[in-house]
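# Fold and contact review
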Amino acid sequence: MMHCETDTTRSGWMNAMPRFFSAISLCLMLGACDGHPWNSPYPAGEPAENILFSSFRERPNHLDPAQSYSSNEVTFTGQIYESPLQYHYLKRPYQLIPLTADSVPAPVYLDSDGNVLPDGAPDDTIAWSVYDIRIKPGIRYQPHPAFARNADGGFLYHDLKPEDLSNVHTLADFPETGSRELVAADYVHQIKRLAHPRLNSPIFGLMSEYIAGLSEFAERLKDAGPGYLDLSDYDLEGAMVTDRYAYRIKLKGKYPQFLYWLAMPFFAPVPPEADRFYSQPGMDERNITLDWYPVGTGPYMLTVNNPNLQMIMVRNPNFHDEFYPQSGEPTDRGNGLLVDAGKRLPFIDRIVFSLEKEDIPYWNKFLQGYYDSSGINSDSFDQAIRIGSGGEVGLTDAMKNKGIDLQTAVSSSIFYTGFNMLDPIVGGDGERAAKLRQAISIAVDFEEYISIFLNGRGIPAHGVIPPGITGFTEGEEGINTHVYEWSAQGAQRKTNEEARRLLAEAGYPEGRDNETGKPLTLYLDTTARGPDDKARLDWLRKQ
């Protein structure tokens, strides 16, 4: 996680926090005479199996990769589906590497006549970018009823009648399953699904600006009638199969960020057999849908989906060869992150996620052995962490005595408080509003916020790119000069006196409009709504 803070005259206050602590439980409480914990919360023998016990905070809304766009959902979709690219697990800045693709594709640039342009051609001469992606052969889907065939080679469950579903309540009620090899057409099928009129993909609008013909493709699909929509009947200029293991994506202009989209579930393969299977009448009423039972080639498959209680993923028996990385950052070997270098993945047979909405009950259950790991929130920080005289961070004796281990990691993310640029007071391009925004950004002291609410676990950032991401600039060149000044000690937040000076120059000396004499009134839109948020809102009001 990241806590950073910046301000320009447009972007508002940027907040991010790049350090968190994770406590990993190594043993459970007290042992009985036979050596097993007498108060284990799980059935006898289960904790000794290769199982990870974890949790989720919110039920996923979508597990269909065309629709899923939330971090809580990628906990599941990222283990089930496989995009052509992925991020190296250990290297920073984050580095794209192949997943199912045999290499990271390099774009070929074309002019408006279709002629290949040389590397370094001016952007305004590039009419098209072409990405040729070749996938590795031999990758297979998880076992699933959509692939099941009869003795004659026909699909067992693709032409079901209503009476055939009378005793079907979950996917497990289909006794037969099958599988097949991943092919390039599955990736093209998924790109077409982004324009499916009944899916409402959140990235369709953006992708239609780049993928050639996607907007026109969506218009053609609108004329399709109800029932199963066979996307193979429609050609898409921007996505086409070139052979069994290769496909081509054609983009308008130059869009180098597209490679990063290829590491997201939106561009993971969906087999047409799954769409055909789930589209049958009666399936939706039973909640037997791709949103509920995803189908992928990844290391795990979802076997229990009860988002009000528990979700369980088990090892995909058809998972292909994938290995733990053999290189990383200079400190990774000393920190034990390369102990498993080169070993076949995945390491865990089963993952049990239980619904846990609040931090304190989760922490208490972690201490009781319900969960194998836990983040440390501010309420439990003093109980878990001891900071030495030299600033070194370690576990308290109480945690060590429970057999708990501490791991630290840096995670990059961004959250921000922005200004409404249409607001008559803080918005617009005028100098008055700009100085008011700058004054507010200085006055809202996020160093203090990190100290109070995050136990010092974070650094203020100075832009939208956090550490660990390519493009982050360290040192004096990277500071936000609206809010900070550079000194021998590094970036220093400007003083409140400077904020008051800017406030006066904006026309609000001592917080009053110098034209009307009325107090300056600012409105804050926030999702904060519960008692846990009161302290933070009180702090913000004080700022």
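Everything that follows concerns the structure shown earlier in this document.
Now for a description of the structure that goes with this document. Computed from a prediction, not measured in an experiment: that's the story for all the values here.

Here we come to the overall build of the protein chain. Helices and strands together make up the secondary structure of the protein chain, namely 13 helices and 19 strands. By its C-alpha atoms, the protein chain is 85 × 80 × 45 Å across when sized along the principal axes. With 543 residues in all, the protein chain has 43% of them scored as buried. Long-range pairs, those at least 24 residues apart, make up 66% of the contacts in the protein chain with a sequence separation of at least 6. Summed over all atoms, the accessible surface of the protein chain reaches about 28100 Å², with 51% contributed by carbon and sulfur. Here the protein chain holds 49 positive side-chain charges and 73 negative ones, and the gap between their average locations is 2 Å.

When charged atoms on two side chains of opposite charge get close, those side chains can pair. For the coordinates displayed, the defined rule picks out 27 salt bridges. Here glutamate 431 and lysine 435 are joined by a salt bridge, their closest N and O atoms 3.1 Å apart. Of this pair, glutamate 431 and lysine 435 both sit in helix H10 (residues 431-443), separated by four residues, roughly a single helical turn. Residue classification places lysine 435 among the buried positions, given a relative accessible area of 18%.

We now examine the pairing of strand S3 (residues 51-56). Counting buried positions along S3 gives five out of six residues, so the element sits mostly inside the fold. Taken together, the six bridges between S3 and strand S12 (residues 350-355) define a ladder with parallel strand orientation. Across the sheet, the residue bridging to leucine 52 is isoleucine 351, located in S12.

Bringing a nonpolar patch on the surface into the picture now. Residues Val464, Ile465, Ile469 and Phe472 make up a contiguous nonpolar surface patch of roughly 290 Å² in combined accessible area. A relative accessible area of 33% means that isoleucine 465 is categorised as partly exposed.

Procedures and definitions
Residues numbered from 1 in each chain as written. Predicted model: local features only at pLDDT ≥ 70, side-chain atom pairs only at ≥ 80, totals over all residues. Heavy atoms only, no water. Helix = DSSP H or I, 4+ residues; strand = E, 2+ residues; numbered from the N terminus. Buried < 20%, exposed > 50% of the residue type's maximum accessible area, 1.4 Å probe, protein only. Contact = heavy atoms within 4.5 Å. Areas by Shrake-Rupley, 256 points an atom, 1.4 Å probe, with all protein chains shown as cover. Lys, Arg positive; Asp, Glu negative; His and termini not counted. Charge placed at Lys NZ, Arg CZ, Asp CG, Glu CD. Salt bridge = Lys/Arg side-chain N within 4 Å of Asp/Glu carboxyl O. Pairing = 2+ DSSP bridges. Patch = residues over 30% accessible without salt bridge, like charges linked within 9 Å, V, L, I, M, F, W, Y side chains within 5 Å.

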